[in-house]
Each structure stands twice: as C-alpha cells, then as structure tokens.
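Inside the fold
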Amino acid sequence: MAHAMFISHGSPEEVLRDSPARRAWDRLGPSIRDTYRAIVVMSAHDEHHQVSVGWADSFETIDDFGAIFDRRLRDLRYPARGDRRLAASIGDRLMADGISASVDHRPGLDHGAWTVLSRLDPAAVLPIVPLGVMPGASTADHHRLGAALADLPDDILVLGSGALTHRLQAVAWGEPDAPAHPRTRVFADWIGDRLAARDDVLAWEREAPHALWNHPTPEHLYPLFFALGAAGPSPASHTMHRGYSHAVLAMDAYALGGAAAGLR
C-alpha cells in the first residue's frame, strides 16, 4: 500500500489567512519533507477527459480563480519542479493495470495543488507529478486509478487535493469563520466515521446523508477516492485536521494507508 493523503484545499484565500487549516498544513510540512522524496498530486481543478500524467521539468503557478478573490493571490508563485522519471514510472504502472493515460505537457499547477503544496513544502524541494481529475468518470474509476499506484515506494506521497464538501451555491463569502451548515457537518461526520472504521465509502452518493447537496458535481471528492485506492484495501486512516470554512466547506484532511502510521 502506498503512503497517501487527502487534503481539503478550501478557498484559494485559505493560503493567505491564518486559519486552522493552514496551520495544520504548516505543522504537517516538516514531516512530509523529512519522509518523502516526491509527491504525486491529483487536484480537483486539474480537469481532463481521460487519465493524464503531468510531464515537465518545472511547473508555472496558474492563476485559475475569479476576480472575487484577494488580488494578492496573483502575486504568489510556487516554483514547483517535475520528475519525468517518476512520471514515466507512473505511466508504466497504469498501463500494466490496463489504464490508458495521456501525457500532459502543460507547464502549470492549478490552485488546488499549489496553495496546499506551498505550505507543505514552501521551498519546493520535493518534485511533483500531477495527475488530472476526470469529472466525467466515476468514483470507482478514480479509486482504480489510485489502486494502480498502490505499489509505489514508501518515499513517494500520493496526495489528493479536493474538498470534503463543496456546495458553492451556499458558500458564505466574506465569512470564513461562519458556523458549519448542518448538512455539511453531518456529511463530513459520515465520511470521517466510515474512514475511522475502515468501512467502504465508495457508495457515498447513495449512502451518505445529503451527498448530492454537498456535492452537486463530484470532482472535488474524487481526489479522496484516488488517495484511498492508492492506500490499499480497507486502509488505516488518521485524521490530520477537521474544521469548516465559509459554512459549507469542510476542511478535513486524512492520512491514509502507510502515511496513517508514519505521520502523526
């Protein structure tokens, strides 16, 4: 089983403010930098029609957010570098599992990736291999994609960056510390309880309370299933952070599989 994590990245402005989630990322960073030599990251904002593996020596910082957000975000740059050898190894693993993947030569990282990574590894010491999320695919497809990487070495971190809940229609803009919406809280509790018990969460759309209310579209939860697949069958989990932002954004983060034991 691979070392895997899921982190809810929240609003892009999370990286600017002294929030509980950002402080949790900062605390986690030293352990990640001491434990791993590279990160394979799937971000909910890196959308593709099919499996895509990022292939580049370096990645630009993409400003992929609207004008409503703090202008200071546009001045931030994260000098991430790639790892072509690791990208090729991932492509080979996917092919061996019967998964067809394209090579993505684009030079950038979206905000779902770079905001979190800039706190986990501020100096961009660890090379990155990005994989795209597929909004038109299924929960099972993303879980299978992660499972194809379950034999990655222990010094590679598989990171899913998404959102445990993501109902933008109900976001309390301008109120990052607003109380959690009851439907958001009960859904996040269901996921957390299932992970702690090592129970299956793949049927979340049918079984989780208020599932489609919290995820009118599923792309922000798919990185969780990617990470779970990489972590192996019924993986152990460790809660790294739980909390809420803007009323309906659960900011939960979990270490899964080997990372659950190795990072506390």
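Source: prediction; values computed, not measured. (Residues numbered from 1 in each chain as written. Predicted model: local features only at pLDDT ≥ 70, side-chain atom pairs only at ≥ 80, totals over all residues. Heavy atoms only, no water.)

Let's shift gears to the packing of aromatic side chains. Within the structure shown, the criterion is met by three aromatic pairs. Arranged with centres 5.7 Å apart and planes meeting at 75°, the rings of F69 and W173 form a pair that is edge-to-face. One end of the pair, F69, is in the loop between β4 (60–61) and α2 (84–96); the other, W173, is in the loop between β8 (156–162) and α5 (182–196), and 104 residues separate them in sequence. The partly exposed category is assigned to W173, whose relative accessible area is 42%. Relative to W204, the ring of F187 lies with its centre 6.3 Å away and its plane at 80°, an arrangement referred to as edge-to-face. In this pair, F187 sits in helix α5 while W204 sits in helix α6 (residues 204–207), placing the two residues 17 residues apart along the sequence. (Phe/Tyr/Trp six-rings, centres within 6.5 Å; stacked < 30°, edge-to-face > 60°. Helix = DSSP H or I, 4+ residues; strand = E, 2+ residues; numbered from the N terminus. Buried < 20%, exposed > 50% of the residue type's maximum accessible area, 1.4 Å probe, protein only.)

Moving on: the packing of helix α1 (residues 20–35) against helix α3 (residues 111–120). At a closest axis distance of 7 Å, the pairing of α1 and α3 adopts a crossing angle of 65°. Contact residues: R22, W25, D26, L28, G29, I32 and R33 in α1; T115, V116, R119 and L120 in α3. The residue makeup of the contact of α1 with α3, split by class, is five nonpolar, two polar and four charged. (Axes fitted to C-alpha atoms, helices over the stretch in contact; angles between N-to-C directions. Contact = heavy atoms within 4.5 Å. Nonpolar A, V, L, I, M, F, W, Y, C, P; charged D, E, K, R; others polar.)

Moving on, we get to the pattern of salt bridges. Enumeration according to the criterion identifies twelve salt bridges in this entry. In this structure, D97 engages R144 in a salt bridge whose closest nitrogen and oxygen atoms are separated by 3.7 Å. With D97 in the loop between α2 and β5 (101–104) and R144 in helix α4 (residues 139–147), this residue pair connects regions lying 47 residues apart in the sequence. Relative accessible area serves as the criterion here: at 36%, D97 is assigned to the partly exposed category. A salt bridge links D189 to R242, with the nearest nitrogen and oxygen atoms 3.0 Å apart. Taken together, the positions of D189 in helix α5 and R242 in the loop between β9 (237–241) and β10 (244–245) put the pair 53 residues apart, joining distant regions of the chain. Relative accessible area serves as the criterion here: at 28%, D189 is assigned to the partly exposed category. Because the salt bridges share partners, they merge into one network encompassing E14, R17 and D177. (Salt bridge = Lys/Arg side-chain N within 4 Å of Asp/Glu carboxyl O.)

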